Amino acid sequence: MKADRQETLEMEQVKSFDRMRKKLDDYYFLMYSVVKNIYLFIGCAFALLPVSEGDMTFYGCGIFFLSMAAVFHLAPYQVVREKGKFAGIYEKCRWLPVSGKAIRKVRREYLFQFSIKVGIAAFLCQMFGAALSGKIGLGNVAFPVLVWLLVWGIGNFYITFYIK
């Protein structure tokens, strides 16, 4: 019970640190947001073609763009820029009484929220494209689930190996 409370407090400190950083370095977050949105737009454009119409190479490109959007969504939370130099987030947060586990857990929360939005966007694009072509099937529903799993998995991989 006490360990869970301690972890919750650590996670709140990390989230507070992130909010403060976002206010102080909003231009840095804005640039990553622009690139992330470009990747999201391209990935959703790939998702407009119904699964029954294309091949897996085409969809692999779409999943790649959506996964890169997840990486760009997490990137400003992984690195701190200070006086022209970059440092890992754990280097800055080590002075807070937080563990790397709490930092990773907060990043996974951010990733989960983002990947749900990407999965819903892919679902809507896939259904719209399938409705226009008149070929709605099980693959059209399975594809957005695959997109969500891959975006979440690749982002999780990024979090696991970037924060030690």
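The structure this text deals with has already been given above.
All figures in this text were calculated on a predicted structure; none of them were measured in a lab. (Residues numbered from 1 in each chain as written. Predicted model: local features only at pLDDT ≥ 70, side-chain atom pairs only at ≥ 80, totals over all residues. Heavy atoms only, no water.)

Caption draft 1: Molecular detail of the side chain of histidine 73. Examined against the element boundaries, histidine 73 turns out to sit in helix H3 (residues 56-78). For histidine 73, a relative accessible area of 18% translates into the label buried. (Helix = DSSP H or I, 4+ residues; strand = E, 2+ residues; numbered from the N terminus. Buried < 20%, exposed > 50% of the residue type's maximum accessible area, 1.4 Å probe, protein only.)

Caption draft 2: Looking closely at the environment of tyrosine 158. Following the sequence through the fold, tyrosine 158 ends up in helix H6 (residues 138-162). The class for tyrosine 158 is buried, based on a relative accessible area of 19%. In this structure, the C-alpha to C-alpha distance between tyrosine 158 and aspartate 25, residues 133 residues apart in sequence, is 22 Å. Not counting the four nearest positions on each side in its chain, tyrosine 158 is found in contact with Val71, Leu74, Ala75 and Gln78. (Contact = heavy atoms within 4.5 Å.)

Caption draft 3: Molecular detail of a nonpolar patch on the surface. A cluster of nonpolar side chains, contributed by Tyr27, Leu30, Met31, Val34, Ile38, Phe41 and Ile42, occupies part of the molecular surface with about 680 Å² of accessible area. Topologically, isoleucine 42 is positioned in helix H2 (residues 26-47). When its relative accessible area of 30% is taken as the criterion, isoleucine 42 is described as partly exposed. (Patch = residues over 30% accessible without salt bridge, like charges linked within 9 Å, V, L, I, M, F, W, Y side chains within 5 Å. Areas by Shrake-Rupley, 256 points an atom, 1.4 Å probe, with all protein chains shown as cover. Salt bridge = Lys/Arg side-chain N within 4 Å of Asp/Glu carboxyl O.)

Caption draft 4: Focus on the pattern of salt bridges. Inspection of every chain in the model, using the stated rule, returns four salt bridges. Taking the shortest distance from any N to any O, the salt bridge between glutamate 7 and lysine 101 comes out at 3.7 Å. In this pair, glutamate 7 sits in helix H1 (residues 2-24) while lysine 101 sits in helix H5 (residues 100-133), placing the two residues 94 residues apart along the sequence. For glutamate 7, a relative accessible area of 16% translates into the label buried. Here glutamate 7 and lysine 105 are joined by a salt bridge, their closest N and O atoms 2.4 Å apart. Note that glutamate 7 is positioned in helix H1 and lysine 105 in helix H5, a separation of 98 residues in sequence. Of the residues examined, lysine 105 reaches a relative accessible area of 37% and is grouped as partly exposed. When salt bridges with common partners are traced through the structure, they connect Glu7, Lys101 and Lys105 into a single cluster.

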